Amino acid sequence: MGLKVNAKLLRQLLVGFIREEVCKVGVRKAVLGLSGGIDSALVAFLAAEALGPENVYAFVMPYRTSNPESEAHARLAAEQLGIPHEVVEITSMVESYFSRYPDADNMRRGNKMARERMTILYDQSAALSALVLGTSNKTELLLGYGTLFGDMASALNPIGDIYKTQVWHLSEEMGVPRAIIEKKPSADLWAGQTDEQELGFTYREVDELLYHMVDLRMNREELVADGFDPLFIDTIYHKIQNSHFKRRLPVIAKVSNRTIDRDFRYSRDWGK
Amino acid sequence: MNFTVALAQIKPKLGCLADNGEMICSVVERGISEGADLAVFPELALTGYFLRDLVPEVALRMDSPLLTRLLNLSRRIDIAIGFVEASDDYRFFNSALYLSNGEVLHRHRKVYLPTYGLFDEQRYFARGESIRAFDTRFGRMGLLICEDMWHLSAPYVLAMDGATTLICLSSSPSRGISEDASLGSTVAWQKLTSTTAMFLNCRILYCNRVGYEDGVNFWGGSEVVAPSGNVVVRGKIFEEDYVVGSLDEGALRRERIFSPMMRDESLPITMKELRRIETERSR
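Just so we're clear, the structure is a prediction, and the values are computed from it rather than from any experiment.

**Student:** So what's going on with the sheet that holds strand S2 (residues 38–40) of chain B? Which residues, and what values?
**Tutor:** All names here are of chain B. Judged by pairing direction, the sheet is mixed, and its six strands sit side by side in the order S5-S4-S3-S2-S1-S14 without closing on themselves. With partners counted over all chains shown, the strands left at the sheet margins are strand S5 (103–109) and strand S14 (241–247), one partner each. Here the strands of the sheet are splayed against their neighbours by 25 degrees on average, with no regard to which way each runs. In this sheet, S14 lies alongside strand S1 (residues 3–9) in antiparallel orientation, the contact comprising seven bridges. When the bridges of S14 are listed, Ala-8 appears paired with Tyr-242. Against the sheet, helix H3 (residues 65–73) touches strand S3 (78–86), strand S4 (92–100) and S5, its axis set at about 170 degrees to S3.

**Student:** Got a sec to walk through the side chain of Ser-125 of chain A? Specific residues and values, please.
**Tutor:** All names here are of chain A. With respect to the helices, strands and loops of the structure, Ser-125 is situated in helix H5 (residues 106–128). Given the relative accessible area of 10%, Ser-125 is considered buried. Non-local contacts of Ser-125, meaning those with residues more than four positions away in its chain, are made with Val-31, Ala-130 and Val-132.

**Student:** Explain the UniProt feature "domain: NAD/GMP synthase" (unreviewed entry) in chain A to me, and be specific about the residues and the numbers.
**Tutor:** Sequence positions flagged by UniProt for "domain: NAD/GMP synthase" (unreviewed entry) are, in local numbering, residues 14–250 of chain A. As annotated, residues 14–250 of chain A has a helix share of 54% and a strand share of 7%, and its two end C-alpha atoms lie 28 Å apart.

**Student:** Account for the interface of chain B and chain A, with residues named and values stated.
**Tutor:** Taken together, the contacts link 28 residues of chain B with 25 residues of chain A. Regarding the contact of chain B and chain A, the summed buried area is about 2,300 Å², with carbon and sulfur atoms giving 54% of it. Ranking the residues of chain B by area buried against chain A places Asp-53, Ile-177 and Tyr-212 of chain B at the top, with a combined share of 30%. Applying the counting criterion to the chain B and chain A interface returns three salt bridges. Applying the counting criterion to the chain B and chain A interface returns 18 residue pairs in polar contact (both at pLDDT 80 or more). Within the residue set of the side of chain B that touches chain A, elements represented by two or more residues are helix H4 (121–124) and strand S10 (210–213) of chain B. Here the side of chain B that touches chain A takes three residues from S10 of chain B, the largest share from any one element.

**Student:** Would you mind going over the sheet that holds strand S9 (residues 203–208) of chain B in detail, with residue names and values included?
**Tutor:** Residue and element names in this part refer to chain B. An order of S6-S7-S8-S9-S12-S13 is seen for the six strands of this open sheet, with the pairing classed as mixed. Only two strands of the sheet have a single neighbouring strand rather than two, namely strand S6 (133–136) and strand S13 (231–234). Each neighbouring strand pair of the sheet contributes to a mean axis angle of 20 degrees, computed without reference to strand direction. Taken strand by strand, helix H5 (residues 153–160) contacts S6, strand S7 (139–145) and strand S8 (165–170), and its axis lies near 165 degrees from that of S7.

**Student:** Summarise the pattern of salt bridges; cite the residues concerned and give the values.
**Tutor:** A complete count under the given rule lists 41 salt bridges over all chains for this structure. For Glu-21 of chain A, the salt bridge is made with Lys-24 of chain A, and the minimal N-O distance between the two is 3.7 Å. On the criterion of helical spacing, the pair formed by Glu-21 of chain A and Lys-24 of chain A is a turn pair, its members being three residues apart in helix H1 (residues 7–24). Comparing Glu-21 of chain A with Lys-24 of chain A shows no difference in burial state: the two are buried. Salt-bridge contacts for Asp-248 of chain B lead to Arg-254 of chain B; the nearest nitrogen and oxygen are separated by 3.7 Å. Residues joined in a network through salt bridges with shared partners are Lys-272, Glu-273, Arg-276 and Glu-280 of chain B.

The rules behind the values
- Residues numbered from 1 in each chain as written.
- Chains lettered and ligands numbered in written order.
- Predicted model: local features only at pLDDT ≥ 70, side-chain atom pairs only at ≥ 80, totals over all residues.
- Heavy atoms only, no water.
- Pairing = 2+ DSSP bridges.
- Helix = DSSP H or I, 4+ residues; strand = E, 2+ residues; numbered from the N terminus.
- Axes fitted to C-alpha atoms, helices over the stretch in contact; angles between N-to-C directions.
- Contact = heavy atoms within 4.5 Å.
- Buried < 20%, exposed > 50% of the residue type's maximum accessible area, 1.4 Å probe, protein only.
- UniProt positions renumbered as here; feature names shortened; annotations may be inferred.
- Buried area = accessible area lost by both parts, 1.4 Å probe.
- Salt bridge = Lys/Arg side-chain N within 4 Å of Asp/Glu carboxyl O.
- Polar contact = N/O pair within 3.5 Å; in protein donor to acceptor, adjacent residues only side chain to side chain.

Given below as structure tokens:
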């Protein structure tokens, strides 16, 4: 099965990625939000190995309704690594805004929380001369299961090309605490929320399909022949299609001969 | 003739000609002081790989001061190196030079410019039009750049043209993580260099870079492969390295006696069939 990876080699590649791409910008430090979940814990472990624990700053940013276990797990990861960490409550900031719009639904509130957290991380990155590390994995990015300019924002994302299933595997190799690896994935936006319940399928199921569809480029016919449910295939295909705008830069209206990103093309590491 | 090669597994800075030039000259000096006969650098060693719109900015004419400096150094050591070449008619090539004794012994312009997957070369570079072997003080050689090597015909033509040493300059990105202890690209390249050496009874000097550009890693693993297909020496994976290998004329002679595939290769039959295929395809 193709989702299995050599965790040692992957670790080496990703640690090198953080070390080189952070230092190229002329800084030596990184900041990230620790949610208590496995993705941000894994990124913290990779970053601590790449930059040294003293150079990785973690921010735990709970909201009033957040599960207390999340904060406990975030602290657990930070303490095991010995990285500087701080708790910044976002309740007052988010509440103050929604007092004007008390009817806002869960989605709006969740998005606002995610973006509130990211403004804090970017502010801290400026204060600390550090880069913001992203913690979205490939499964979430492909499904669009994240908030644009919220948790999906970052300067560098070490785990954006590995599926959730691979995140679990690599986390074992890195020594992420068992309690974090074994709990049910959750965005923790309301009590009892789990990702898999909200999405309607498990990460293992969808990763298997995504791997065959995206990485192996199997068409619908081949996927069906391989035993994937046609309805499941179509649902996921549409999710990828409909969330594609989140994976691209904002569209720029072309009027000149050289438009940014269309025919004005340079690598981001230009001159580094 | 026996000789020693140094494979310079460097990490160029993207688009920084001056910095890369200094670094390369100091590696060449090391080769000279440690007595290597030939120093080999990766594809686009002077510029880095994902250049995109930088291509015209970092392109060098054949008479540029940086190349002149390398030419001067080549009086003390042979040098094979990749760079962006600007022609007089403003075409830009992904080129490689073999410098020796103050002269350009050979210039190869990359023929196969990949445009699939993460590659975008044909958009920025003009295509080279020839694949030729050339004589050096260490015997007849051929130069190829990365993707060229993946087209069986390219090393074949060089071997038929008399090359006994193939130099391949590379910027091979890391991809294809699996259960294996090596990446997909590493496994594929190692099969390729070994098989090519064996088929053509040639030595392969493969120099691949390291470092990251926009999150894409280059895996290194530069190697000297004997005509038997066995690896003589191999560079580190993911890290900068300086790999020295000795090439023994006797080993080449013995291998060519043991498996004389190149001697027995029939150029007339190949030519006849290729002409037939060309005619049939154009019908």
